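Structural features, examined
Each chain is listed here by its residues.
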Amino acid sequence: MPSTSNRPLDGPTHHSAIIPSKRGSFDVFSSHRQFGSHPHGPETKRPRASGPSAPGASIMSKALGKRPAVGNLTKPSRSPFEPNNGAKKLIVTRLRTTPRADNLEHYYEKRRNELADALAAIFKQQQPQQPLETLYRGVEDICRHGAARELFEALRAQCESYLNGALQRAIMADGGSSNIDMLRAVHKYWVIWNAQSTTIRAVFSYLDRSFLLNNKDFQQINDMAIALFRKMAFVSIQPSSSGPGARSLAGMCDLIDYDRRGDSRFDPILLRDSVSMLHVLGIYGKSFEPRFLKASSAYMHAFAEELSAASLKSYISACEGLLAREDYRCNAFNFDSTTKRQLLDAAHLILINNYSEKLLDSGSIGKILDDNSVESMKALYDLLRLSSLQKRLRGPWEDYIKNTGSAIVNDTSRADEVVVRLLEFRKALDIMVRDAFQKDDDFAHGLRQAFDSFINDKKIMASRSTGTSRVGEMIAKYIDMLLRGGLKTLPASLLSDVQDRVDAEKSGQASTGDEDAELDRQLDKALELFRFIEGKSVFEAFYKQDLARRLLMGRSASADAERSMLAKLKSECGSDFTRNLEQMFKDQQIARDEMVSYKAWREGNSRTKSKLDLNVSILSAAAWPTYPETQLILPEEVADEIKDFGDYYVKKHTGRRLTWKDSLAHCVVKASFNRGPKELLVSAYQAVVLTLFNYTDDPLSYQQIAEGSGLSGQDLDRTLQSLACGKVRVITKNPKGKDVNPTDTFVVNKGFSDPKVRIKINQIQLKETKQENQETHERVARDRQFETQAAIVRIMKSRKTMTHSNLVAEVINQTKKRGAVDTSEIKKNIEKLIEKDYLEREGSSYTYLA
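Rules used throughout
Residues numbered from 1 in each chain as written. Predicted model: local features only at pLDDT ≥ 70, side-chain atom pairs only at ≥ 80, totals over all residues. Heavy atoms only, no water. Helix = DSSP H or I, 4+ residues; strand = E, 2+ residues; numbered from the N terminus. Buried < 20%, exposed > 50% of the residue type's maximum accessible area, 1.4 Å probe, protein only. Contact = heavy atoms within 4.5 Å. Areas by Shrake-Rupley, 256 points an atom, 1.4 Å probe, with all protein chains shown as cover. Pairing = 2+ DSSP bridges. Salt bridge = Lys/Arg side-chain N within 4 Å of Asp/Glu carboxyl O. Phe/Tyr/Trp six-rings, centres within 6.5 Å; stacked < 30°, edge-to-face > 60°. Axes fitted to C-alpha atoms, helices over the stretch in contact; angles between N-to-C directions. Left-handed = near helix turned anticlockwise from the far one by under 90°. Nonpolar A, V, L, I, M, F, W, Y, C, P; charged D, E, K, R; others polar. Core = buried A, V, L, I, M, F, W, Y, C linked by side-chain atoms within 4.5 Å. Expected span 1.5 Å × (residues − 1). Arc of directions from axis to C-beta. Polar contact = N/O pair within 3.5 Å; in protein donor to acceptor, adjacent residues only side chain to side chain. Parallel < 35°, antiparallel > 145°, perpendicular 65-115°, else oblique.

Below, the discussion takes up the overall build of the protein chain. A tally of helices and strands in the protein chain yields 32 helices and 13 strands. Relative to its full complement of 850 residues, the protein chain shows a buried share of 44%. Considering only residue pairs separated by 6 or more positions, the protein chain has 69% of its internal contacts joining residues 24 or more positions apart. Entry remark: accessible area of the protein chain is about 45500 Å², with carbon and sulfur atoms responsible for 49%.

This is the structure in C-alpha cells:
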C-alpha cells in the first residue's frame, strides 16, 4: 500500500479517513483545520469528500499547503460510486493528529507581518506586495486562531498613527494661508483616506463580519475610519482655533459669502463636496450649522440695513431675490432641511418682521399700485405671508383705493370720464387681487368696502345744491354709451384679457371672444359700480331719460343687449324699479301695431298716398320722462299728416287725448346742393329751420327764423349752432363764430359737400343740456323729500306717538331700499310736516294729528 510523503507543512496538518458503510457505500468526513484555542471551541469546516487520489491530487494539495492523502486499497480499484462493488476499507498511514506549535506561531507571525506591510503600502498609496486574496486569507486565519481583538487593535493603532502623522502633515503642508485652501486640502485628503479605507475594509472584511459586526465594544472598520479622520481633523474645534477643522469650516462660510456677493472665487463643487464630507463625518449639525447660521444672520442684518433707505419696490425685489438664492443654495448644496428652515426663519425675521413698517407704508404701497406693478405687489404679499403679516396689508390697500377713488370722482375737469376711469381703476384692482393676492377674499372684501365708502361719501359726490349723488348719473350715462355704440365706444383697457376669457368659460358663460358676450360682460362691470350706490333714484331718472332717447330715435346698438340690461336691473332692484322701463318697451310695440293699423285704415278709406312716411310713437305719460311743450310751426304738409293721424286715433280710442312732443321727433330731409343731392338726418327743430330757406334765397336773420319756426331762446340757439357751427355746416352764419347771437344772419351753404349721401346732423338730440341735467337732479331731490315725508306720515299714523330718535331710525329703515337719507334731511321734513299740521311736537316726542 503506498504511503504519503513525509514533507513538513507550514500550515495546519490535514488528515482524513473513509469508513465503509453497512450497505457498501462510503460515509465521507472532512478533516479539520486547527487554529488553536477559540472562545467557542474548535471550528469545523464544511465536509469535503475524499476518495482515490486523482493524478493531480498531490499537486493540488501542495498548492493548498496540505498533505496529500494516498489510499491503500485491499481490492482492485473500482469506482467509489458503484454500490456494493467499491473498496471496503481505506487506510491512511502515518497521520499527524496534532500540529507543530513552532510551525503555527511562525505562520501567524508571518501573516501579521504581511498585513502590516500591506497597510504601510496602502498608506503610501501603493499596491501591497501580497495579493489581496492572500491577505484576506491571512486575516481569516488569524481571526479563527482567536486573535481577532489583537488584530483590530493593531489595525486601529496603525491607522491612527498614519492619520495623526503623515496625513496630518500633508494636510497642513497643502493648507496654504487661506481658509479655502485649507478646506480644499482637507477635502483632498479625505477623498484619499476614503479610497485607502475602502481597500482596508476589503482586506479586513472577515474581521468586520465575524468579530466587529457582533461586538458592541468595537467600531466596524468603516466607522473607525470616519471617527479617526474626524478626530484628527475636526476634534476640539474652537472658534479661535487654527487647526485644519476650524479653518475648513471657516472656508466653507467664506465660499458661501463669495456666492452671496457674486465673487468669482466661489467654487460650487468644493462647497457641495465639503457639505457631503461633513455629513459623513457627522459634524454638520454640531460644528458647521451654528457657524453658518451666525454668519448668515450677520450678512442679512447688513443687507437689510443697506437697503433700508431704498424705495419699497427696490427693497421688495432685493429681498425676493435674496430669499430665492438662499433657498436654491440650500437645495443645490445638500444642506439639511433643518438648516434651511432655520435660515429662512431668520431671514423672515430680519428682512420682514424687523422692517414691517417700511413694507406696510401706505405711501410706498400707493406708488406701487399707481404703477400697476403686479409683480412687486405679488412679491410684497408673498414676503408678508412668510411671516403671517399679509392681513396687515389690507389697511394700506383700502386707504389707497379710497384716496384714489375720491380723486377720480372729484376731478371736475374730466367729469365725463368718471365711470370709465373708475372701471379702469376697478379692473386694475381686480387683476391685482387675482394675480398678486392669489384671490384672497380679505382683499376682495376690502376692495368692495373701499368702493362703497368713497362712492357714497356725500362730501365728495354732492351735486351742486340738490344734495343728490352724481355717481348714479355717470353710471347711467356710461351704460347709455355702451347700449348706443357697443364695444367700439370702449377704451381697449376695459376689454377682457385672456385670463378673463378663461374664467368666463370655466364659469359656464359664453366666450368673451364673442362680441355680444363681451358687451354683456361690460354691462355687468358697470352694474358692479351701480351696486355700491345707496340712493338709486338718480340712476333711475337718468337711465329712463337715456332709454327714452334710444327707443324713440332708434339708436340702440342691440335689442338683445337692451332686454338683457332690463333683466339685470330687475334682478338687482326688483320689479318696482323696472315697471316703468318695461312699460316703455311695451309702448314701442303698441306704437308699431298702431301705425300698421293706421296705414291700413288710410288704404281702406281710399286716402291719397302721402309723400311723407309718418311714424308716431304713442307714449304712456306716467311711464315716460316729462318733456317741455313747444309751439313748433311745422310745414303745412307735415301738420296735415299729423292732424289726420290725430283724428284717426281720437275716433278709435274714445276719451284719450294726444299731446305732441316735438323735442325728440326726427326726420330725413332731402337737400339739393351745387355738388349733388344729400339726405340729411335731422331733428324736427332742425328740419323746420331748414325748410324756411325753401321760400327765399336771401339771408334770414335770427329774428326771422325765430318767428318762422316758433323756436326761441336756448332751443333756437342750439339748433342754429348745430347747423351752422358744427362739423356739418349746411348753412353759414354771418359773422363767423362758434356762438350764435340775435344779430346774426344765416344763408344756405350751396357749396356744401360730403362723401356720404346720408348725413347725420341730429346728434344734438342725444346730448343733455346743463339745464336739463340740473332739473333732473332737482326733480329727484323733490321726489326724495316726498318719499321721506310719506314714510314719516305712514309711521306716525300707525304709532300715533314716537320719540325723535325712534322716528328717525324707523324712517331710515323704511327708506333704505331707495337709498340712505341723512338725519338732517329727515329732521327738515319733520319740520315741514309740523308746519302742515300733520305732526305736533311735545317735548322730545311727536304726536300724529288725524
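Turning our attention to the sheet that holds strand β9 (residues 745–748). Strand pairing in a sheet takes place through backbone hydrogen bonds and is either antiparallel or parallel in direction. In space, the 3 strands of this open sheet follow the order β7-β9-β8, with antiparallel pairing throughout. Each of the sheet's edge strands pairs with one partner strand only, and the pair in question is β7 (700–701) and β8 (731–734). Summarising the sheet, β7 and β9 pair through 2 bridges and their orientation is antiparallel. Bridging from a neighbouring strand, L700 pairs with F746 of β9.

On the secondary structure map, D587 appears in helix α25 (residues 575–604). Its relative accessible area of 3% is what places D587 among the buried residues. A C-alpha to C-alpha distance of 9.2 Å links D587 and A623, two positions 36 residues apart in sequence. Contact partners of D587, with chain neighbours within four places excluded, come to I618, L619, S620 and W624.

To continue, consider the environment of M377. By the element assignment, M377 lies in helix α15 (residues 374–386). Expressed as a C-alpha distance, the spacing of M377 and I365, which sit 12 residues apart in the sequence, is 8.2 Å. Leaving out residues up to four positions away in the same chain, M377 has contacts with I365, I368, L369, L393, M432, A436 and F437.

Right, let's get into the pairing of β8. Across the two faces of β8 the burial differs, with I731 and K733 buried and T732 and N734 not buried at all. With 4 bridges connecting them, β8 and β9 associate as antiparallel partners. Residue pairing across strands places T732 opposite V747, the latter belonging to β9.

The next thing to look at is the pattern of salt bridges. Enumeration according to the criterion identifies 45 salt bridges in this entry. A salt bridge links R111 to E114, with the nearest nitrogen and oxygen atoms 3.5 Å apart. Here R111 pairs with E114, and both are found in helix α2 (residues 101–123), just 3 residues apart, close to one helical turn. The class for R111 is buried, based on a relative accessible area of 16%. Since its relative accessible area comes to 11%, E114 is described here as buried. Among the salt bridges present, the one from E629 reaches K661, with a minimum N-O distance of 3.7 Å. Residue E629 is found in the loop between α25 and α26 (636–652), and its partner K661 is found in the loop between α26 and β5 (666–673); the two are separated by 32 residues along the sequence.

Moving on, we get to the packing of aromatic side chains. Per the counting criterion, the structure on display carries 36 aromatic pairs. Here W601 and Y648 contribute two aromatic rings whose centre-to-centre distance is 5.2 Å and whose plane-to-plane angle is 40°, an arrangement assigned as tilted. With W601 in helix α25 and Y648 in helix α26, this residue pair connects regions lying 47 residues apart in the sequence. Taking the centre distance of 6.2 Å and the plane angle of 20° together, the rings of F645 and Y649 count as stacked.

Right, let's get into the packing of helix α4 (residues 148–174) against helix α7 (residues 221–234). Where α4 meets α7, the closest approach of the two axes is 10 Å, and the angle between their N-to-C directions is 35°. The handedness of the crossing between α4 and α7 comes out as right-handed. Counted together, F152, L155, R156, C159, E160, L163, N164, L167, Q168 and I171 of α4 and I221, M224, L228, F229, K231 and M232 of α7 form the full contact between these two elements. Partitioning the contact of α4 with α7 into residue classes produces 11 nonpolar, 2 polar and 3 charged.

On to unusual backbone geometry, then. In this model, N734 is joined to P735 through a cis peptide bond whose omega is 0°. Among the secondary structure elements, P735 is positioned in the loop between β8 and β9. Backbone geometry at K800 places phi at a positive 70°, although glycine is not the residue there. Looking at the element boundaries, K800 is found in the loop between α30 (770–799) and β11 (801–803).

Our next topic: the nonpolar core. Membership of the largest hydrophobic core comes to 164 residues, with the highest contact counts inside it found for F204 and F229. Those residues in contact with F229 that sit more than four places away from it in its chain are L163, L167, V186, Y189, W190, W193, F234 and L281. Ranked by size, the runner-up nonpolar core spans 32 residues in total, among them A671, A687, L711 and V730.

Turning our eyes to something else, we now look at the sheet that holds strand β10 (residues 758–760). Here we have 3 strands laid out as an open sheet, ordered β5-β6-β10, and mixed in their pairing. Edge positions in the sheet fall to β5 and β10, since each has one partner strand and no second. Across this sheet, the average inter-strand angle for adjacent strands is 30°, counted without regard to direction. By the bridge criterion, 3 bridges tie strand β6 (residues 676–683) to β10 in an arrangement that is parallel. Following the sheet pairing, L681 is matched in β10 by K760.

Over its 17 residues, α26 runs 24 Å from end to end, which matches the ideal 24 Å to within 8%, given 1.5 Å per residue. For α26, the complete set of buried residues consists of E641, I642, F645, G646, Y648 and Y649. Summarising the axial view, the buried residues of α26 lie within an arc of 165°, below the 170-degree limit, and thus occupy one face. In α26, the exposed residues that point more than 90 degrees away from the buried face are E636, K643 and K651. Buried positions along α26 lie against α25.

This part takes up the side chain of S722. With respect to the helices and strands, the residue S722 is situated in helix α29 (residues 713–724). A relative accessible area of 13% means that S722 is categorised as buried. Looking at S722, its side chain comes within polar contact range of the side chain of Q686, at 2.8 Å.

The next subject is the packing of helix α14 (residues 362–370) against helix α16 (residues 394–410). Relative placement of two packed helices is described by the angle separating their axes and the distance separating the axes. Running from N to C, α14 and α16 point in directions that differ by 60°, and their axes come no closer than 9 Å. It follows from the interaxial angle that α14 and α16 lie oblique. With respect to the hand of their crossing, α14 and α16 are arranged in right-handed fashion. Residues S362, I365, G366, L369 and D370 of α14 touch α16, and the partners they reach there are P396, W397, D399 and Y400.

Here L183 is to be found in helix α5 (residues 179–203). Spatially, the C-alpha atoms of L183 and P244 are 7.6 Å apart, while their sequence positions differ by 61 residues. In this view, L183 contacts S248, G251, M252, L255, L270 and S274; residues no more than four positions away in its chain are not counted.

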